[in-house]
Amino acid sequence: MKVTARSLNRDPRNPRIRRSWGLSLCITGLVFSSAFLLYGTENPTPAIKLDQVGYLDGAPKVALVASPAKTFEIRRSSDGRVVFRGALSPAATDPLSGDTVQAADFSGLRQAGTYYVEVPGVGKSWTFAVGANVFERTWYLAMRGFYGQRCGTAVDLGREFPGYSHAACHLHGEFHPSSGKSGPRDNIGGWHDAGDYGRYMVNSGVATGTLLWAWEIYGPRLKPIQLAIPETGNGTPDILNEIRWNLEWMLKMQDTDGGAWHKQTSTHFPGFIPPEKDTLPSEVIGTGSAPYKSTCATADLAAVAAIAARVYRPFDAAFATRALDAARRAWKWTEQYPNVIFRNPPGVTTGEYGDSNCADERLWAAAELWRTTGEAAYNQFFLKNYAAYLPILDSPARENWSMMAPMALRTYALARREGADATAQAAIRDRMLSAARAIVKNTAANPYHVSLKPADFVWGSNGIAAQYGMDLLIANAIAPNPAFADTAGDDLHYLLGRNTFSLSWVTQVGQHSVLHPHHRPSGSGEQPGPWPGLMSGGPNAGRQDQVLAALPAGLQPEKYYADQTASYASNEIAINWQANLVFLLAGQLH
Ligand SMILES: [Zn+2]
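Throughout what follows, the structure given in this document is the object of discussion. Since we're looking at a predicted model, the values are computed, not measured.

**Regarding the pattern of salt bridges**
Working step 1: The full count for this structure, using the stated rule, is 26 salt bridges.
Working step 2: In this structure, R310 engages E216 in a salt bridge whose closest nitrogen and oxygen atoms are separated by 2.8 Å. Here the residue R310 occupies a position in helix 6 (residues 295-311), and E216 occupies one in helix 4 (residues 201-222), the gap between them amounting to 94 residues.
Working step 3: For R310, a relative accessible area of 19% puts it in the buried group.
Working step 4: Residue D394 pairs with R431 through a salt bridge whose shortest N-O separation is 2.8 Å. Residue D394 is located in the loop between helix 9 (376-385) and helix 10 (405-414), and its partner R431 is located in helix 11 (residues 422-445); the two are separated by 37 residues in the primary sequence.
Working step 5: Via salt bridges that share partners, E73, R75, R85 and E118 belong to a single interconnected network.

This is the structure:
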């Protein structure tokens, strides 16, 4: 229900969408004809499924073949020379997709290069790379995807993606009557949340927090990667420059009393138009009655600003101090108003991100404030409340924006700080590690080597696949284990092409990637293809849109996916799933 609320009133019958389909068909033709030229008379076959970006040289390397065969070869793409030969494994049927597949294990191939798989009688695969840092460009594109989502400023992807630009958008904001105030309130900045142009505090909270954690765990490897954004070269690492664009907007959503309004959006979704052509006023929307701000939004702000206070300290002490002050004031507000729930006020039909319980958001805020300050009051709040949430570590939250307890618990376990309660830290670590071992076991038993379970094929299942990988990587940060890291790599391989559709779910990554995301800038028809680096939500057996509803009933859950703009329930992009992808990719860099 919560997720359904995200896309309320997204009308798939919008004529602008139909027009973009026409264009989309042309793009599909172009892509296939270029692949045809590359491979001469034989197109790559979707019957061979692999990560179209590649495999780390020292990691396991498995492709899957969904057509009966006995042997396979790995050939160098420059000259077709065979570099590896092997026998396919016995066939196994995948319960998630219904596919019967055989594994081609070429883990023994460690030499860097670009290759393809050839299976006699079946065909050739799309190409892939083997190397020490094959995922760096994908990380760059995925992180730069946030730059493309910037609101309130002109965006231009530059020579690398000519024509991918938009003028400054949503410069005119005002207080909606539900906010308790009136008059203009621009709050320029932030990231467009998803396929729409709204800005929502709770989804910003989990997305921004996840990205800041990527920095905290993988900072040394992320620091040198420049993103070609306006701030590049200012002395601050670019990932932090990009995150700050959204942080500044989140801070502007805080009222003078410390509370944060829930969202800033138009009252209804615009059509499939570029952002600067959306002239609906951007409204600061509140709960409709005192205190007008919501506890979930305010607690998320407290948590994220507390992380920012420690992360930005070495680069901009004044900003760090400002963030910490905002976090403290937000926390105080939640003490006074521990559970003010947001629901869309009458006449507002944009995403709701409604959450009936903000106790887990407060737990996260307390944990991050304690980790940053070491102050006893935050520690005591955490210790009084954490234990009931331990079972949540056993499986990822389906809607990660509404359940912040896993981040609360993990940040406490990760903290290296005096005053930490050793019993609590040990309990959390034990639970995280046993959960990670269970994920490894489940993934190893799946023929596609993906951590997803049948019940995970809900709205945003690709975000959940990335979340499994993240959970494993965080466990690996606490207790290094090659099985954790390799299994996280398996979840990435699923997202980048080793799946039933042989499709890379990240736009413009891999030779056969998603073309028609439910994403207004991509669907407005102004660019030759989708904006790059964005991850589609993925298969969704809930089938909440008309495209999925029209598919036959009774399919395996992974089959409920359509690469169509109108399938908002399976093909939208969103910053929270995108942040998980960035984290998962960061874990594969060196
Ligand atoms: Zn905008």
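**A closer look at the side chain of Q102**
Working step 1: Mapped onto the elements of the fold, Q102 is located in strand 7 (residues 100-105).
Working step 2: A polar side-chain atom of Q102 sits 2.9 Å from the main-chain carbonyl oxygen of A69.
Working step 3: Reaching out from Q102, the side chain makes a polar contact with the backbone oxygen of S89 at a distance of 3.1 Å.
Working step 4: The residues touching Q102, leaving out its near neighbours within four places in the chain, are A63, L64, V65, S67, P68, A69, L88, S89, P90 and A91.

**A few points about the sheet that holds strand 7**
Across a sheet, strands are paired by hydrogen bonds formed along the backbone, either parallel or antiparallel in direction.
Working step 1: With antiparallel pairing, four strands are arranged side by side in an open sheet as 1-3-7-6. On the outer flanks of this sheet lie strand 1 (48-49) and strand 6 (92-93), each paired with one strand and no other.
Working step 2: Pairing analysis gives two bridges linking strand 1 to strand 3 (residues 62-65), with the strands arranged antiparallel. Each residue of the ladder has a partner; that of I48, found in strand 3, is V65.

Cut-off values and rules
- Residues numbered from 1 in each chain as written.
- Predicted model: local features only at pLDDT ≥ 70, side-chain atom pairs only at ≥ 80, totals over all residues.
- Heavy atoms only, no water.
- Salt bridge = Lys/Arg side-chain N within 4 Å of Asp/Glu carboxyl O.
- Helix = DSSP H or I, 4+ residues; strand = E, 2+ residues; numbered from the N terminus.
- Buried < 20%, exposed > 50% of the residue type's maximum accessible area, 1.4 Å probe, protein only.
- Polar contact = N/O pair within 3.5 Å; in protein donor to acceptor, adjacent residues only side chain to side chain.
- Contact = heavy atoms within 4.5 Å.
- Pairing = 2+ DSSP bridges.

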